[in-house]
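Letter by letter, the chains look like this.
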Amino acid sequence: MDLGSYIRDIPDFPKPGILFKDITPLLAEPRAFAHAVDLFTQRYAGRGVDVVASAEARGFLFAAPLALRLAKPFVPLRKPGKLPHATHTLAYELEYGQAELQVHTDAIKPGSRVLLLDDVLATGGTVSAACRLIEKAGGRVEECAFLIELSFLKGREKLQPHEVFSILQF
Ligand code: AMP
């Protein structure tokens with residue numbers, strides 16, 4: 001099944017010069033959506049992953065069904081002010097300004113092997129911050145997995161020494 005045919009290119013969104021990879025056609029076709037989750041499941045079943053984590057919001061769409069398939073906990077990484085219990089916080093630089101990600105302090109047991117999942121690997125800034133947050137919370141990043149990798153942005157290099165897996169490369 002050609003999953004790439006379910007990704008729609010939207011030029012100049014959300015700003016001029018960005019070619020946005022729209023995953024909603026894939027989400028709208030249950031066979032394609034299921035196939036993407038199957039591919040992640042095949043790769044990570046039996047790999048000793050303890051936790052599946054993802055930064056809001058689109059990564060949740062793949063991370064939650066994958067966690068169910070693997071029968072492992074799903075841990076949301078969220079923007080400040082969203083998680084109600086005690087949190088670890090990690091601040092990181094954006095192109096313009098700063099952002100923060102949070103995780104509940106009791107979400108990741110020390111030494112847990114964490115699979116980080118997101119929809120698109122672009123520059124890698126968000127997932128690099130997510131890796132640091134997982135480590136701050138006591139976890140170990142097993143691998144960073146993506147539906148789509150925009151190879152020309154070299155996010156894979158930014159995520160070193162973490163392992164990177166992607167289903168589709170553009
Ligand atoms: P980055 O931190 O640059 O890797 O990208 C942060 C997030 O922005 C990714 O997880 C994607 O959800 C989203 N994103 C960045 N660039 C694109 C793009 N060209 N198309 C779709 N989503 C994107």
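The preceding data block contains the structure.
Here's a quick rundown of the structure. (Residues numbered from 1 in each chain as written. Predicted model: local features only at pLDDT ≥ 70, side-chain atom pairs only at ≥ 80, totals over all residues. Heavy atoms only, no water.)

On to the sheet that holds strand β4 (residues 74-77), then. Taken in spatial order, the five strands of this open sheet run β4-β3-β7-β8-β9, and their pairing is parallel. Each edge of the open sheet is held by one strand with a lone partner, namely β4 and β9 (164-169). On average, each strand axis in the sheet is inclined to that of its neighbour by 20°, with strand direction left out of account. Bridge analysis of strand β7 (residues 113-121) against strand β8 (residues 140-149) gives eight bridges, and the strand direction is parallel. What sits directly across from L117, in β8, is A145. Across the sheet, helix α3 (residues 60-70) is in contact with β3 (51-55), β4, β7 and β8; its angle to β3 comes to roughly 175°. (Pairing = 2+ DSSP bridges. Helix = DSSP H or I, 4+ residues; strand = E, 2+ residues; numbered from the N terminus. Axes fitted to C-alpha atoms, helices over the stretch in contact; angles between N-to-C directions. Contact = heavy atoms within 4.5 Å.)

Another point: the site of the ligand. Looking at the ligand, there are 13 residues lining it, with D118, D119, T123, G124 and T126 nearest. At a separation of 3.3 Å, an oxygen atom of the ligand approaches a polar backbone atom of G125. Side-chain polar atom of T126 to an oxygen atom of the ligand: 2.8 Å apart, as the coordinates give it. For the ligand, whose unbound accessible area comes to 480 Å², protein coverage reaches 79%. Judged by the fraction of its atoms near the pocket grid, the ligand is located in the largest pocket. (Near = heavy atom within 4 Å. Polar contact = N/O pair within 3.5 Å; in protein donor to acceptor, adjacent residues only side chain to side chain. Areas by Shrake-Rupley, 256 points an atom, 1.4 Å probe, with all protein chains shown as cover. 1 Å grid on protein atoms, 1.4 Å probe; cavity = no way out; pocket = protein on both sides within 12 Å on 5 of 7 lines; lining within 4 Å. Sits in = over half its atoms within 2 Å of the grid points.)

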